[in-house]
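Given next are the chains, with one letter for each unit.
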Amino acid sequence: MKSGPEGIRMEIKSQHKGQKGLREKVLDAGLCTNCGACTNLCPYHTSYQDNPILIDTCDREEGRCYAFCPRTYTDLQALRQNLFNIDEFTPELGPFKGLYMTRAADPQVRRSAQHGGTVTTLLALALQDGLIDAAVVAEEGGTFLPAGVVAKTPSDLVRRARSKFVVSPNVATFNQAAKSGLEKIGVVATPCQALALAKMRLKPLPPKDSNIDKLHLVIGLFCGWALSWRELKSLLQGKMGKNSIVGLDIPPSKHHSMEVHTQNGIIEISLDEVLPSVRKACQYCYDLTAEFSDVSVGSARLPEGWEVARGWNQVIVRTQMGQELIDLARSRGLLEFRDLPEGNWEKLQKASVNKKRAAIQNLVQRSGSSKDLLYLDGQDPVLRTLMG
Ligand SMILES: Cc1cc2nc3c(=O)[nH]c(=O)nc-3n(C[C@H](O)[C@H](O)[C@H](O)COP(=O)(O)OP(=O)(O)OC[C@H]3O[C@@H](n4cnc5c(N)ncnc54)[C@H](O)[C@@H]3O)c2cc1C
Ligand code: SF4
Ligand code: SF4
């Protein structure tokens, strides 16, 4: 990604651009995604369970917490133009150099991973080749409450593989790691976290925060929605009895279920029971594929069906850095590639546009005006096209 010019104003709508504005417009409004961007910047904010909390009041009129939050006013076009090659931008999927289907060549990585193990493989390669000194990934807590952790070796990464479907505040862990002497950090980010990191990269406030220069790689995860921790916990407690849970997964939409992987096999729960546990803020999220990343990784779709597809990833490369990493993984034989089935690109575009349209509809419903998209700019050229 290119580094942003100085002095770009990220905010034109709000009067309060510090902690007070964050509380009123994001936290109290139920828009917080728990990305962690407002945490570990100053002594007043911390993370507790599934949410950020304010330890004390800060009366600064402008603050980094507000400027970096992905749910305060965001000029998406400024981010696209300043951080990416706008000639490679697609309205449906964001910055786009190519779409691939990949999986780890190492069967041990594949066994530990959520799908094909592409994320773990790319991070391990970036660590081994010195592109990064450390990677912020998510660790499963004892009761499905994940936390961001700093991994410094490939085996650290393998232990933290698999998806945690409750948000892990990885940007808070990046903020902490960047203060700790690490110089080149990679982050695994959901789309809302990748957006927060992109807002940081534009350095909207003086003094210019040099810590963001330590961000060297963002691997984004596709994300349809995340679950609220309390509700997931009570859903699983009621269902699982003595079965010990190894992980969760969401198969393609036609299955209409969430899989709970246990030591005794897979148990399916109907999405009708799961969807009420989705984090409320996710209904206002317009990004499926983590558009502000170097590389974005999600599950695959294959004609052979989910049993085969679950062992592969679809990967969108967005930046030069992302392209070099994928090419290196291919040339070293660390990732296996297969041809993309016909129609996959179109299906992904459609799913991405559907999420954007649903978010816009929910934002309009929430604000009561088609001109007010809360944190998004109604004049944004991509959103205007999608809104017709
Ligand atoms: C909340 C959520 C929703 C998702 N929704 C979709 C979807 O709708 N469609 C789709 O195609 N894919 C979705 N994914 C992505 C998918 O589950 C896999 O993460 C992706 O396919 C990568 O697989 P992999 O085998 O390469 O990952 P692995 O090699 O297993 O690596 C996964 C990496 O992600 C990190 N991680 C896990 N959970 C989180 C988290 N909550 N926040 C930040 N980092 C985390 C892990 O620590 C690990 O480093 C979602 C993931 C999450 C976390
Ligand atoms: S920065 Fe992230 S964690 Fe903090 S209020 Fe905004 S969305 Fe929530
Ligand atoms: S759906 Fe959006 S807001 Fe919710 S966790 Fe995923 S990226 Fe964040």
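That block above? That's the structure.
Because the structure is predicted, anything quoted here is derived from the model rather than measured.

1. Let's talk about the overall build of the protein chain
Here's step 1: When you go through the protein chain residue by residue, the secondary structure sums to 14 helices and 15 strands.
Here's step 2: Taking the principal axes of its C-alpha atoms as reference, the protein chain extends roughly 55 × 45 × 45 Å.
Here's step 3: Split into buried and exposed, the 388 residues of the protein chain put 55% on the buried side.
Here's step 4: Taking the intrachain contacts of the protein chain between residues at least 6 apart in sequence as the baseline, contacts between residues at least 24 apart amount to 71%.
Here's step 5: Accessible surface for the protein chain amounts to roughly 16800 Å². Of this, 49% is attributable to carbon and sulfur atoms.
Here's step 6: Side chains of the protein chain give 48 positive and 42 negative charges; the mean places of these two sets differ by 2 Å.

2. As for the sheet that holds strand 14 (residues 313-317)
Here's step 1: Within the open sheet, the eight strands sit side by side as 7-6-8-9-13-14-5-15. Their pairing is mixed. At either end of the open sheet lies a strand with only one pairing partner, and these are strand 7 (147-151) and strand 15 (335-338). Adjacent strand axes in the sheet meet at a mean angle of 30°, parallel and antiparallel pairs treated alike.
Here's step 2: Seen against the sheet, helix 7 (residues 170-178) touches strand 6 (134-139), strand 7, strand 8 (185-189) and strand 9 (215-221) and runs at an angle of roughly 170° to strand 8.

3. Digging into the site of ligand 3
Here's step 1: The full set of residues close to ligand 3 is Thr33, Arg71, Val167, Pro191, Cys192, Cys223, Gly224, Trp225, Ala226, Cys282, Cys285 and Lys355.
Here's step 2: Considering only residue class, the shell around ligand 3 consists of eight nonpolar, two polar and two charged.

4. Some remarks on the packing of aromatic side chains
Here's step 1: Counting across every chain of the model gives three aromatic pairs.
Here's step 2: Geometrically, the ring pair formed by Phe84 and Phe292 is tilted, given 5.8 Å between the ring centres and 55° between the ring planes. A residue pair is termed long-range when its members are at least 10 positions apart, and Phe84 in the loop between helix 3 (76-83) and strand 3 (89-90) and Phe292 in the loop between helix 10 (271-274) and strand 13 (295-299) qualify at 208 residues. Note on accessibility: Phe84 and Phe292 belong to one class, buried.
Here's step 3: Ring geometry for Phe96 and Trp345: centres 5.9 Å apart, planes at 40°, overall tilted. With Phe96 in the loop between strand 4 (94-95) and strand 5 (98-104) and Trp345 in helix 13 (residues 344-367), the pair connects residues that are 249 residues apart, well separated along the chain.
Here's step 4: By relative accessible area, which is 16% here, Phe96 ends up buried.
Here's step 5: Above the face of the Trp312 ring, Arg338 is positioned so that its terminal group lies 5.7 Å from the ring centre.

5. Considering the sheet that holds strand 10 (residues 245-249)
Here's step 1: With respect to topology, three strands assemble into an open sheet ordered 10-11-12, the strand pairing being antiparallel. Among the strands making up the open sheet, the edge pair consists of strand 10 and strand 12 (265-270). With strand direction ignored, the average angle separating the axes of adjacent strands in the sheet is 25°.
Here's step 2: Two strands pair when backbone bridges link them, and strand 11 (residues 257-262) and strand 12 are joined in this way by six bridges, in the antiparallel orientation. The partner of Met258 across the bridge, within strand 12, is Ile269.
Here's step 3: In this fold helix 9 (residues 229-240) packs onto strand 10, strand 11 and strand 12, with an angle of close to 65° to the strand it touches most, strand 11.

6. Quick notes on the site of ligand 1
Here's step 1: In the neighbourhood of ligand 1, 32 residues make up the surrounding shell, with His115, Thr120, Arg160, Ser163 and Ser299 lying closest.
Here's step 2: Between ligand 1 and Arg160, the relevant distance is 2.7 Å, taken from an oxygen atom to a main-chain nitrogen or oxygen of the residue.
Here's step 3: Measuring from an oxygen atom of ligand 1, one finds a backbone N or O atom of Gly224 at 3.0 Å.
Here's step 4: Surface burial for ligand 1 is 94%, taken as the share of its 910 Å² of free accessible area covered by protein chains.
Here's step 5: Class assignment of the residues belonging to the shell around ligand 1 gives a composition of 14 nonpolar, 15 polar and three charged.

Calculation notes
Residues numbered from 1 in each chain as written. Chains lettered and ligands numbered in written order. Predicted model: local features only at pLDDT ≥ 70, side-chain atom pairs only at ≥ 80, totals over all residues. Heavy atoms only, no water. Helix = DSSP H or I, 4+ residues; strand = E, 2+ residues; numbered from the N terminus. Buried < 20%, exposed > 50% of the residue type's maximum accessible area, 1.4 Å probe, protein only. Contact = heavy atoms within 4.5 Å. Areas by Shrake-Rupley, 256 points an atom, 1.4 Å probe, with all protein chains shown as cover. Lys, Arg positive; Asp, Glu negative; His and termini not counted. Charge placed at Lys NZ, Arg CZ, Asp CG, Glu CD. Pairing = 2+ DSSP bridges. Axes fitted to C-alpha atoms, helices over the stretch in contact; angles between N-to-C directions. Near = heavy atom within 4 Å. Nonpolar A, V, L, I, M, F, W, Y, C, P; charged D, E, K, R; others polar. Phe/Tyr/Trp six-rings, centres within 6.5 Å; stacked < 30°, edge-to-face > 60°. Lys NZ or Arg CZ within 6 Å of the ring centre and 35° of its normal. Polar contact = N/O pair within 3.5 Å; in protein donor to acceptor, adjacent residues only side chain to side chain.

In short, shape yes, function no, at least from these values alone.
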